Every structure is written in structure tokens, then in C-alpha cells.
Amino acid sequence: MRIPPLGAVLFYLLLLSSWLQGALVHRYSFTEEADGAVPDSVGGAAGVLNDGARLDGSGALRLDGINDWMELPGTLLDSFQDLTVEAWVEWAGPASSSWQTLFVFSQGTSDYLSFSPRTGTSPRKSRFAVARNGPEKKVNGRADFPVGKIAHVAAVFDAGSQNLRLYVDGTLQGSSVCTYPLDSLGIQHLWVGRPLYAQFPFFKGRVLELRLHDDALTQERVAKSLQFGADVLPGPEVKNFSASASPARSGTKVMLSWEVTEGSTVEISPVGLEKMEAAGTLEVSVSKSTEYVLLARNGDGVRTARLVVEVDDRPVINSFGASPRVAGAGEPVTLSWDVLHATG
């Protein structure tokens, strides 16, 4: 989804988890690309396709296992303390192939965070690993990673509880103690499909959805996300969030209107009102261009919608004309105009 420019009523839905619970900060759905860039429908941080990587036209990033990969902006995780990397992926194998890399986020070859569907060492299962200039902290899968079948992966870096967790298709594979903070890795390179080491193979298969959360998803939230699937985010539907006028003049009143799934509660910032009904209106006074954020919550999760009411205090020209419109040389012509909010 591309965020439209300021002007008129800016209305766009960002279907994401609440910042109060930790947010879905970046989402890549692989439904469109422009000049080799894949949009991030939540955070606006586009990924770049490299060396032949392409979208397959059915909502997936196709990687050939030879040299295809996608790069994400290097500053993407700068403000993160916790992290969940969530993906729906179809690995093309072969099942005997070791060290293919679905993703690796690194500073260099000694400091990184990565996931592989199969390791080359025992137990030769999937692995979520983190290293900081020393031995890996790792979580291994319990069973062989599926080949030729869509699987859901959630790799969790939980700084609060100081552990790593790996979920495959909603099942906790295991956990591992990790006491150092995420920012100590100094991550600058975020690669999808490209291995950290030149002797390892590129990932072969399709990535249908990639999400980065700035919090550590619990098993319940991983299960809920799996239940909703790659195309839908958990939480109530935001059916409408709109403003009665935009642009508006400073100091004027604007009516905000909303409708979300029945039974949900609504909060709107920066107004500061909480636990409002699932449908309603609210009058606000605007003194400057303002972004309003609606947060809708129910038992399935949280989604937000945003709109910008733009303030424009320039004069308004309703009309400007001449009578007659066609005149001969020296003939009088009457100019007329209707202008609002003009001086002088």
C-alpha cells in the first residue's frame, strides 16, 4: 500500500498491532513492485530486489536459490529492543540442502541473527540463531522443515525475558537463553534469501509474507496470526475513519467519524479519549495539520487507522471573471471576483 500525499482527506488504513502491545512495524506482502522496490505497507521502508529476484504475480517473492535476494534498509531495527520476524514461506528444498538462509540480519560475519530451514550440523533441522562475536545462541526445530508446502515461521528475540524462541506452524520448537540486547549486534545489513557466508547456498523457494514486529510475540499471538493467515492481520476491521473537511482553516471545527467491528473499543490520539464505542463521531478543533490515529481493539487483537487533516490558511478564490469575455480594443471590461479570507 502506498501512502497518498497530503491533501484533501488523507485516509489510509495501516492494519497493524498496537504500539501499546508492541507493533507490527514493517510488512512485505509481495503483491507489487516498482523499479525493483517492494513496498512496506506499514512502515514505508521498501525492500530492494537484487540479482534477478522477482515477484511471481500471485503474491509471493520467488527466489531461485542461485543468486536472488532482497535487501531491507540497514536502519530498520535501530530502535528495536525486542523483535519478532514472522514469515509465510514455501521452501523448494531439496530436503537434503543445508544452510540455505531465509533471512540474516547482521553487522558482519560475527554478529548476526538468522534463520535456516536446515542446518548442516546435528540435528540437521531448522535453526534460529543469534551470535555476538562468539558462539551462537540457537534454537533448533523439532522436525524436518516442510518442502513444497507453505509454512509459518516466527523467530522471536525476547529481551525482556532474555530468551530466543522459534515457532513453526504455531508450534513452539524450543527456546534458548540470550542475555545481550538486540542493539548490541549493531545490525546494518538485512538480507532475505542471501546467506551470510559465501560458501552457503541462497534460499530457494517463495516468500508469501514477511513481517517485522518490534515486540516478542507470545505463543497465543503467534497462533492467532497463523489462524488469520498471510493475507489478514488479527484484530477488528476498521470499516471507516474519516474527517468532514480537509483541508481546513486553522481554528475551525472538524468532525471525525469512525466505524469498526461491533464489540470493539476505540481510542483516538492525540485527542486522548479511550474506550469509545465501535461507531461514533467526535468534533475536534484544528490549529495545524494533524495526524489522528484510531486504535481499535477486540479479543482477536488490535488494528489502527490513520488520517491527516491538513490546515491551509491561504485565501480561497471562488471565482474570477470578466464581462464581456471578448471585447474590442478600447472597449470597457468589468472584472469580478469572489475571494474568501483575503486581506488588502
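This write-up is about the structure you can find in this document.

Reading the values: the criteria
Residues numbered from 1 in each chain as written. Predicted model: local features only at pLDDT ≥ 70, side-chain atom pairs only at ≥ 80, totals over all residues. Heavy atoms only, no water. Helix = DSSP H or I, 4+ residues; strand = E, 2+ residues; numbered from the N terminus. Polar contact = N/O pair within 3.5 Å; in protein donor to acceptor, adjacent residues only side chain to side chain. Contact = heavy atoms within 4.5 Å. Phe/Tyr/Trp six-rings, centres within 6.5 Å; stacked < 30°, edge-to-face > 60°. Buried < 20%, exposed > 50% of the residue type's maximum accessible area, 1.4 Å probe, protein only. Lys NZ or Arg CZ within 6 Å of the ring centre and 35° of its normal. Salt bridge = Lys/Arg side-chain N within 4 Å of Asp/Glu carboxyl O. Pairing = 2+ DSSP bridges. Axes fitted to C-alpha atoms, helices over the stretch in contact; angles between N-to-C directions. Core = buried A, V, L, I, M, F, W, Y, C linked by side-chain atoms within 4.5 Å.

**Thoughts on the side chain of T84**
Logical step 1: Its place among the elements puts T84 in strand β8 (residues 83–91).
Logical step 2: Side-chain polar atoms of T84 contact the backbone oxygen of D215, separated by 2.7 Å.
Logical step 3: Apart from the residues lying within four places of it in its own chain, the contact partners of T84 are A154, A155, V156, R211, L212, H213, D215, A216 and L217.

**Describing the packing of aromatic side chains**
Two aromatic rings, taken as a pair, are described by how far apart their centres are and by the angle between their planes.
Logical step 1: Under the defined criterion, the tally for this structure stands at 7 aromatic pairs.
Logical step 2: Pairing F103 with F105 gives two aromatic rings, centres 5.2 Å apart and planes at 35 degrees, and the pair type is tilted. Summarising the burial analysis for this pair, F103 and F105 share the class buried.
Logical step 3: Between the NZ or CZ atom of R194 and the centre of the ring of W69, over which it lies, the distance is 4.6 Å.
Logical step 4: Stacked on the ring of W191, the Lys or Arg R194 has its end atom at 3.8 Å from the ring centre.

**Some details on the pattern of salt bridges**
Logical step 1: The full count for this structure, using the stated rule, is 13 salt bridges.
Logical step 2: Close ionic contact of D56 with R62 constitutes a salt bridge, the shortest N to O distance being 3.7 Å.
Logical step 3: Two residues, R127 and E136, come together in a salt bridge whose shortest N-O distance is 3.6 Å.
Logical step 4: The exposure class assigned to E136 is partly exposed, which follows from its relative accessible area of 28%.

**Topic: unusual backbone geometry**
Logical step 1: Cis geometry marks the peptide bond from S246 to P247, where omega comes out at 5 degrees.
Logical step 2: Summarising the element assignment, P247 is placed in the loop between β18 (238–243) and β19 (252–260).
Logical step 3: A cis amide bond links S323 to the next residue, P324, at an omega of -5 degrees.
Logical step 4: Here F30, not a glycine, exhibits a phi torsion of approximately 60 degrees, which is positive.
Logical step 5: Counting through the fold element by element, F30 comes out in the loop between β2 (24–28) and β3 (37–38).
Logical step 6: On the basis of relative accessible area, F30 is assigned to the buried category, the value being 2%.

**A few points about the environment of K275**
Logical step 1: Position of K275 among the secondary structure elements: in strand β21 (residues 273–276).
Logical step 2: Spatially, the C-alpha atoms of K275 and A60 are 38 Å apart, while their sequence positions differ by 215 residues.
Logical step 3: Ignoring anything within four residues of it in the chain, the contact list for K275 reads T265, V266 and E267.

**Description of the pairing of β2**
Logical step 1: Taken across its 5 residues, β2 has 4 buried, putting it largely inside the fold.
Logical step 2: Relative to strand β17 (residues 204–213), β2 is paired through 4 bridges, and the arrangement is antiparallel. Among the inter-strand pairings, L24 is bridged to a residue of β17, identified as H213.

**Considering the pairing of strand β15 (residues 171–177)**
Logical step 1: Strand direction decides the pairing type here: strand β14 (residues 163–168) and β15, joined by 6 bridges, are antiparallel. Bridged to L166 within β15 is G174.

**A look at the sheet that holds β19**
Note on sheets: strands pair through backbone hydrogen bonds, and any given pair is parallel or antiparallel.
Logical step 1: If you walk across this open sheet you meet the 3 strands as β18-β19-β22, and the pairing is antiparallel. With one partner strand each, in any of the chains shown, β18 and β22 (279–286) form the two edges of the open sheet. Here the strands of the sheet are splayed against their neighbours by 15 degrees on average, with no regard to which way each runs.
Logical step 2: The pairing of β19 with β22 spans 8 bridges and is classified as antiparallel. Its bridge partner being in β22, M255 is matched across the sheet by E283.

**A word on the nonpolar core**
Logical step 1: Formed by 46 residues in total, the largest nonpolar core has its most connected members in L61, F105 and L113.
Logical step 2: Top contributing element to this core by residue count: β8, with 5 residues.
Logical step 3: Sequence-distant contacts of L61, defined by excluding residues within four places in its chain, comprise F30, L49, A53, R54, L55, M70, V192, G205, R206 and V207.
Logical step 4: By size, the runner-up hydrophobic cluster in this structure holds 22 residues, among which are A243, V254, M276 and L307.

Read these as layout, nothing more, since geometry by itself doesn't imply function.
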